[in-house]
Amino acid sequence: MGVVIGKGSIKKLKSFVDELSPYKTAIITNTTLEKLWLGKILEQVSATPIVIPDGEEFKSLETARQIWKELLEIGFTRKSLIIGLGGGVVTDLAAFVASTFMRGTYLGLIPTTLLAQVDAAIGGKTGINFEGKNIIGTFYLPEFVITDPETLKTLPEVEILNGLGEVVKYGILDSGVYRKLKFFRGIDEGLIGECVNVKLRIVEKDMRERGRRRILNLGHTVGHAMEKVSGYRIKHGFAVSIGLMASALIAEKINGFDSGKVEELLDRFNLPKKHSFEPKELLKVMKMDKKAWYGRLVFVLPEDIGKVAVREVDEKTVSTVLEAMRDDSGHN
Ligand SMILES: NC(=O)c1ccc[n+]([C@@H]2O[C@H](COP(=O)([O-])OP(=O)(O)OC[C@H]3O[C@@H](n4cnc5c(N)ncnc54)[C@H](O)[C@@H]3O)[C@@H](O)[C@H]2O)c1
């Protein structure tokens, strides 16, 4: 998989497409990106745009079905190319469609949110929501990923913050990213590139999440539970931020980790650290998580910056920490 990250890299799309020389090309995007960035693509390559409505609810089997149908109608083959242009919703869906249509077409991704650039478009997980989030999906690697930080210029501030939740996670997993965040000078190709490298290094050794890849779930045990309990009203990156704080505080109790290091990063970006959920409800959901181990509470815990371990944690410790993090003043 070739990942290119750089200012203006979107202009390199033509050379990637020329090299693959696909029979046909289709671009899956949504109505928001259609107005902002689709033109930049169509001026380089001749392709059929497939535009879906904007929203997580369209990462669905029904949308996939409509796209499969459209691909058949335009005579798409396996030697054809699907390009996903958008945030994680579009890149997950485009990758799912590419991996399933005729057992797999060529795939290229152009992630346009910070979250998709550092996370969703990297690592080969595809998916759609079906009776639950990301229930149906495949592992499928794209031929190329083009990440242009320029596309973030049109991204609303709240979506930048959403992505920063995951960026802070990389900062705990890796001391290089941590230093970049401590001396933060803005989101640029250097920071995005370091985050991508952290993920690629981990995924390379364990694409199907049988072992090491689990460490990427740092902050997600509590984060996913909050998303679920809130009916997905809380943004993923914000849930992860609170989840990171929870992991840091649990780690402090278990191995003496200095949770102040995580708190400092979250404060720097004004990311949330408190929640207004009922700890009992969160615990119930955590035990049923698809990534949980048969009802046990398993956490990725920092031991130091750049060093984490996967540990089972007793319910009492988790509930004490969640209770201490409560703030019922109406945030979240
Ligand atoms: N496959 C994976 O490994 C993985 C990892 C993390 C998240 N995800 C998935 O990613 C999805 C969330 O992704 P997201 O946070 O990018 O949300 P999103 O795709 O919904 O994008 C957020 C909003 O920003 C808009 N947008 C995107 N790029 C823009 C731009 N450059 N300028 C202006 N507006 C723009 C979108 O239209 C949307 O309204 C979830 O479905 C999640 O399951 C997948």
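Residues numbered from 1 in each chain as written. Predicted model: local features only at pLDDT ≥ 70, side-chain atom pairs only at ≥ 80, totals over all residues. Heavy atoms only, no water.

As annotated in an unreviewed UniProt entry, the protein carries the name 3-dehydroquinate synthase and is attributed to Thermococcus celer Vu 13 = JCM 8558. The Sequence similarities (unreviewed entry) field of the UniProt record for the protein holds the comment "Belongs to the sugar phosphate cyclases superfamily. Dehydroquinate synthase family." Quoted straight from UniProt, the Pathway (unreviewed entry) entry for the protein says "Metabolic intermediate biosynthesis; chorismate biosynthesis; chorismate from D-erythrose 4-phosphate and phosphoenolpyruvate: step 2/7." (UniProt positions renumbered as here; feature names shortened; annotations may be inferred.)

Below, the discussion takes up the packing of aromatic side chains. Counted by the stated rule, this structure contains four aromatic pairs. Between Phe16 and Phe144 the ring centres are 5.0 Å apart and the planes differ by 35°, which places this aromatic pair in the tilted class. Taken together, the residues span a long stretch of sequence, with Phe16 in helix H1 (residues 13-20) and Phe144 in strand E6 (residues 144-147) at a distance of 128 residues. Summarising the burial analysis for this pair, Phe16 and Phe144 share the class buried. On the basis of an interplanar angle of 70° and a centroid distance of 6.2 Å, the ring pair of Phe76 and Phe101 is categorised as edge-to-face. In this pair, Phe76 sits in the loop between helix H4 (61-73) and strand E4 (81-86) while Phe101 sits in the loop between helix H5 (88-100) and strand E5 (106-111), placing the two residues 25 residues apart along the sequence. (Phe/Tyr/Trp six-rings, centres within 6.5 Å; stacked < 30°, edge-to-face > 60°. Helix = DSSP H or I, 4+ residues; strand = E, 2+ residues; numbered from the N terminus. Buried < 20%, exposed > 50% of the residue type's maximum accessible area, 1.4 Å probe, protein only.)

Accessible area lost when the parts come together is the quantity often used to give the size of an interface. As assigned here, the protein comprises domain 1 (2-154) and domain 2 (157-324). Taking the mean C-alpha position of each, domain 1 and domain 2 sit 27 Å from one another. Contacts between the two partners involve 20 residues from domain 1, matched on the other side by 24 residues from domain 2. The junction of domain 1 with domain 2 conceals about 2,000 Å² of combined surface from both sides, 69% of it contributed by carbon and sulfur atoms. Applying the counting criterion to the domain 1 and domain 2 interface returns two salt bridges. The partner of Lys125 in a salt bridge is Glu209, and the shortest N-O contact between them spans 2.6 Å. At the boundary of domain 1 with domain 2, the tally comes to six residue pairs in polar contact (both at pLDDT 80 or more). Within the residue set of the side of domain 1 that touches domain 2, elements represented by two or more residues are strand E1 (2-5) and helix H6 (114-120). (Domains from an automatic or database assignment. Contact = heavy atoms within 4.5 Å. Buried area = accessible area lost by both parts, 1.4 Å probe. Salt bridge = Lys/Arg side-chain N within 4 Å of Asp/Glu carboxyl O. Polar contact = N/O pair within 3.5 Å; in protein donor to acceptor, adjacent residues only side chain to side chain.)

The next subject is the layout of surface pockets. Approximately 190 Å³ is the volume attributed to the second largest pocket. Every residue lining the second largest pocket is listed: Leu173, Asp174, Val198, Arg201, Ile202, Lys205, Arg212, Ile215, Gly306, Lys307 and Val308. When residues of the lining of the second largest pocket are traced back to their parent elements, those giving at least two are helix H9 (189-205) and strand E8 (307-312). Looking at which element gives the most residues to the lining of the second largest pocket, the answer is H9, with four residues. Looking at the lining of the second largest pocket, its residues break down into five nonpolar, one polar and five charged. (1 Å grid on protein atoms, 1.4 Å probe; cavity = no way out; pocket = protein on both sides within 12 Å on 5 of 7 lines; lining within 4 Å. Points joined across faces, edges and corners; volume = space filled by probe spheres on them. Nonpolar A, V, L, I, M, F, W, Y, C, P; charged D, E, K, R; others polar.)

Attention shifts here to empty space enclosed by the protein. Inspection of every chain in the model, using the stated rule, returns two cavities of 30 Å³ or more. One number sums up the size of the second largest cavity: a volume of about 60 Å³. Surrounding the second largest cavity, Thr91, Asp92, Ala95, Leu109, Ala120, Ala121, Gly124, Lys125, Thr126, Tyr140 and Pro142 form its lining.

What follows covers helix H8 (residues 175-182). Buried residues of H8: Gly176, Val177, Tyr178 and Leu181, and no others. Two or three places before Gly176, at the start of H8, stands the capping residue Asp174, its side-chain oxygen 3.0 Å from that residue's backbone nitrogen.

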